[in-house]
Amino acid sequence: TENTAGAVGFAMTLEIVCGHRKSETKRLAALRDAMQTRLTEEFGDAMLIFGHKKHRLANFLTVSWPGLDAERLIFMLEVRGVLVASGSACAANKGTGSHVLRAIGASEAEINGNLRLSLGRLNDGQNIERATDEIIACVRAEMARTNNG
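Residues numbered from 1 in each chain as written. Predicted model: local features only at pLDDT ≥ 70, side-chain atom pairs only at ≥ 80, totals over all residues. Heavy atoms only, no water.

1. Regarding the pattern of salt bridges
- Scanning the model with the defined rule gives eight salt bridges in all.
- Residues arginine 27 and glutamate 24 are paired through a salt bridge, measuring 2.9 Å at the closest nitrogen-oxygen approach. In this pair, arginine 27 and glutamate 24 both sit in helix α1 (residues 4-43), three residues apart, roughly one turn of the helix.
- Its relative accessible area of 28% is what places arginine 27 among the partly exposed residues.
- The closest approach of N and O atoms between arginine 80 and glutamate 134, which form a salt bridge, is 2.7 Å. One end of the pair, arginine 80, is in the loop between α2 (70-79) and α3 (99-103); the other, glutamate 134, is in helix α5 (residues 125-146), and 54 residues separate them in sequence.
- In this structure glutamate 134 comes out as buried when scored by relative accessible area, which is 18%.
- What you see here is one network of salt bridges that share partners, running through Arg32, Asp33 and Arg56. (Salt bridge = Lys/Arg side-chain N within 4 Å of Asp/Glu carboxyl O. Helix = DSSP H or I, 4+ residues; strand = E, 2+ residues; numbered from the N terminus. Buried < 20%, exposed > 50% of the residue type's maximum accessible area, 1.4 Å probe, protein only.)

2. So, the packing of aromatic side chains
- Summed over all chains, the structure comprises one aromatic pair.
- On the basis of an interplanar angle of 80° and a centroid distance of 5.5 Å, the ring pair of phenylalanine 43 and tryptophan 65 is categorised as edge-to-face. In this pair, phenylalanine 43 sits in helix α1 while tryptophan 65 sits in the loop between β2 (60-64) and α2, placing the two residues 22 residues apart along the sequence. Of the two residues, phenylalanine 43 and tryptophan 65, both sit in the buried class. (Phe/Tyr/Trp six-rings, centres within 6.5 Å; stacked < 30°, edge-to-face > 60°.)

3. Notes on the packing of α2 against α5
- At their nearest, the axes of α2 and α5 sit 10 Å apart, and the two run at 135° to each other. One element, α2, and the other, α5, form an angle in the oblique class. Helix-helix and strand crossings are classified by hand; for α2 and α5 the assignment is right-handed. Contacts from Arg72, Leu73, Met76 and Leu77 of α2 reach α5 at Glu134, Ile135, Cys138, Val139, Ala141, Glu142 and Arg145.
- Its residues placed into classes, the contact of α2 with α5 shows seven nonpolar, no polar and four charged. (Axes fitted to C-alpha atoms, helices over the stretch in contact; angles between N-to-C directions. Parallel < 35°, antiparallel > 145°, perpendicular 65-115°, else oblique. Left-handed = near helix turned anticlockwise from the far one by under 90°. Contact = heavy atoms within 4.5 Å. Nonpolar A, V, L, I, M, F, W, Y, C, P; charged D, E, K, R; others polar.)

4. Looking at α5
- Over its 22 residues, α5 extends 31 Å from the first C-alpha to the last, a length consistent with the 32 Å expected when each residue adds 1.5 Å.
- Regarding α5, the residues found buried are Ile128, Ala131, Thr132, Glu134, Ile135, Ile136, Cys138, Val139, Glu142 and Met143.
- Residues of α5 that are buried sit in contact with α1, α2 and β3 (114-118).
- The residue sitting at the N-terminus of α5 and contributing the capping side-chain oxygen is aspartate 124; that oxygen lies 3.1 Å from the backbone nitrogen of glutamine 126.
- Asparagine 147, located one to two residues past α5, shows a positive phi value of around 55°. (Expected span 1.5 Å × (residues − 1). Polar contact = N/O pair within 3.5 Å; in protein donor to acceptor, adjacent residues only side chain to side chain.)

So, in structure tokens, the structure goes:
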């Protein structure tokens, strides 16, 4: 027996999501760009940004601080309530660097210092600002600890 009610519910969900897709994409891109601008102002050439400036997903920002250990940053940020990841999603929890970043020519230092920042429906300007503040504080602390920056 076909799940008619489930199919109708799924179709309605798609209709609702598609109706909000453009505005949500624009909102997330603005939040991502605000975070990127602040991080770039703070770290300049000490930070790399992966991805095309225009042709990329609105809800992702991939950055690297070569010479820093992204895993340490992840733990520091988690304690502060900011959840981030390192590398690509397909390399998560494998204990290896991102093969995607390696394929685009990133060095091991760039891969090891990489953070993947994901934004979503529940993010707003206030929590993006707070997350950015925490990222800046943690990266600055790691730079001081490692004499890297």
